[in-house]
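One letter stands for each residue in the lines below.
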Amino acid sequence: MTLRTFTLGSAMGIFRFLTLLGATAFSAGAAAQITPGPGYAIKRLDGDNDLGAHFALSRATGNQRNGFFYLADRRALYGASCSGAVCTISAPLTNTGDRGQFVSAAALPGVSNRPLVAYYDATNQDLRSGICSTSSGCGFLLADRILDSGGDVGQHTAMAINPATGFALISYYAATAGISDARIYVCSNADCSAGSANTIEMSGDVGRNSAIAFGANVGNFTNVFAVYDNLSTGQVRFARAVLPFNSFGAADLGAGSDAAINVGTSGLPDIVYRSADDSLKYTR
C-alpha cells in the first residue's frame, strides 16, 4: 500500500463548512456572519436554540435533501427536509431522554431512498438507528431500535452504503472505560432491522472521529475503508476490510486527528486530516 501525503494549508483559527442543499445551505448559528458566494444561498433553518455540534446530511433524488441535527438545549434529534430552496423543520425525532448526538445518515436505495439515521443515546449509552417515514421528509423514525448496548457505545458515528447490496455500515466508538474500541455495525437488510456489531480495532484508545467509505471491487471483494483517531498514540488510523466486514487490517497515516475520506472512480481512498502541527494533510 502506497500512501502519499501533502500539506494543503493551515487549519488554525475557525473552520467553516457550508452544506449545499441544491441552492440552499445550513447556517450553523444566527450570530454567524456568512456571505454566500456566487450560486449559493443561505437559509436559516434554526437559530434560536443550542444546535450543538452534531449534523448529518442525506440526499434522496433530484433536489431533495434531508438534514439532521441535535438541539442540545432540548436534548433531542431534529430533521430538516429541503426541496430546492424550500426547507421544513420536523418535530423532534426523539423525545425520550437525551438522544441524537453524533448523528449520521444516508439514503437507502432498497427503501425508496428513505434516510437511515444512526445516533447516540446518551441517557442509556447505546447506539441506535431509525429509518425516516418518507424520502421527502422525516416526520418520525420507523424501527427506531438499539443496535449496540454493550457498555458506553455509539459516539462518533459514520455511515456508508454498500453499493453491492444497498445495506448500511455504521462505524462508531466504544467509550467504555478500559475498552475504547473502534467498532462497526453491519446491517444485514435494507432498513437495518437486523445486523451484527463487529470490532474494527481494539488496541489502545481508538475509534473517535470515524469516517467510512466503500471502494472498488478487487478480486470480486467489496472494500470498505475506515479512518479514525488513535488517542493513545496521537495517530490517524486507516483500516480496510472485505466481506463480511468482520476482520480489518489497520495502519498509521500520520500524527493528527479528525480525518475525512472519499473514494473516487479510481477506487483509491482520498483522505484529509488535521496534522499535529495544525496543517491540513492529504493522503492517497
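This write-up is about the structure you can find in this document.

The rules behind the values
Residues numbered from 1 in each chain as written. Predicted model: local features only at pLDDT ≥ 70, side-chain atom pairs only at ≥ 80, totals over all residues. Heavy atoms only, no water. Helix = DSSP H or I, 4+ residues; strand = E, 2+ residues; numbered from the N terminus. Buried < 20%, exposed > 50% of the residue type's maximum accessible area, 1.4 Å probe, protein only. Contact = heavy atoms within 4.5 Å. Areas by Shrake-Rupley, 256 points an atom, 1.4 Å probe, with all protein chains shown as cover. Polar contact = N/O pair within 3.5 Å; in protein donor to acceptor, adjacent residues only side chain to side chain. Phe/Tyr/Trp six-rings, centres within 6.5 Å; stacked < 30°, edge-to-face > 60°. Disulfide = S-S within 2.5 Å.

**Details of the overall build of the protein chain**
So, point 1. Along the backbone of the protein chain there are zero helices and 22 strands.
So, point 2. Residues counted as buried form 50% of the 284 residues belonging to the protein chain.
So, point 3. Contacts spanning at least 24 positions in sequence make up 40% of the contacts within the protein chain whose residues lie at least 6 apart.
So, point 4. Total accessible area on the protein chain is roughly 12,800 Å²; 51% of this is exposed by carbon and sulfur atoms.

**With respect to the environment of Asp277**
So, point 1. Within the fold, Asp277 resides in the loop between β21 (269-275) and β22 (279-283).
So, point 2. Residue class for Asp277 comes out exposed when judged on its relative accessible area of 55%.
So, point 3. Spatially, the C-alpha atoms of Asp277 and Ala255 are 8.7 Å apart, while their sequence positions differ by 22 residues.
So, point 4. Within polar-contact distance, the side chain of Asp277 engages the side chain of Ser275 at 2.3 Å.
So, point 5. A distance of 2.6 Å separates polar atoms of two side chains, one belonging to Asp277 and the other to Ser279.

**Looking at the packing of aromatic side chains**
So, point 1. Applying the stated criterion across every chain yields a total of four aromatic pairs.
So, point 2. Geometrically, the ring pair formed by Phe69 and Tyr78 is stacked, given 6.3 Å between the ring centres and 20° between the ring planes. Here the two residues Phe69 and Tyr78 agree in accessibility, since each one is buried.
So, point 3. Measuring from ring centre to ring centre gives 5.7 Å for Phe225 and Phe238, while their planes differ by 20°; the resulting arrangement is stacked. Here Phe225, found in strand β18 (residues 221-230), pairs with Phe238, found in strand β19 (residues 235-242); they are 13 residues apart in sequence, far enough to count as distant. Across the pair, Phe238 and Phe225 agree in class, each one buried.

**Some thoughts on the state of the cysteines**
So, point 1. Counting across every chain of the model gives three disulfides.
So, point 2. Across a sulfur-sulfur distance of 2.1 Å, Cys82 and Cys87 are joined as a disulfide pair. Across the S-S bond of Cys82 and Cys87 the torsion is about 115°, and the bridge reads as right-handed. Per residue, the accessibility class of Cys82 equals that of Cys87, and both read buried.
So, point 3. Between the sulfur atoms of Cys132 and its disulfide mate Cys138 the distance is 2.1 Å. Negative torsions about the S-S bond denote left-handed disulfides, and the value of about -90° found for Cys132 with Cys138 makes this one left-handed.
So, point 4. Since its relative accessible area comes to 0%, Cys132 is described here as buried.

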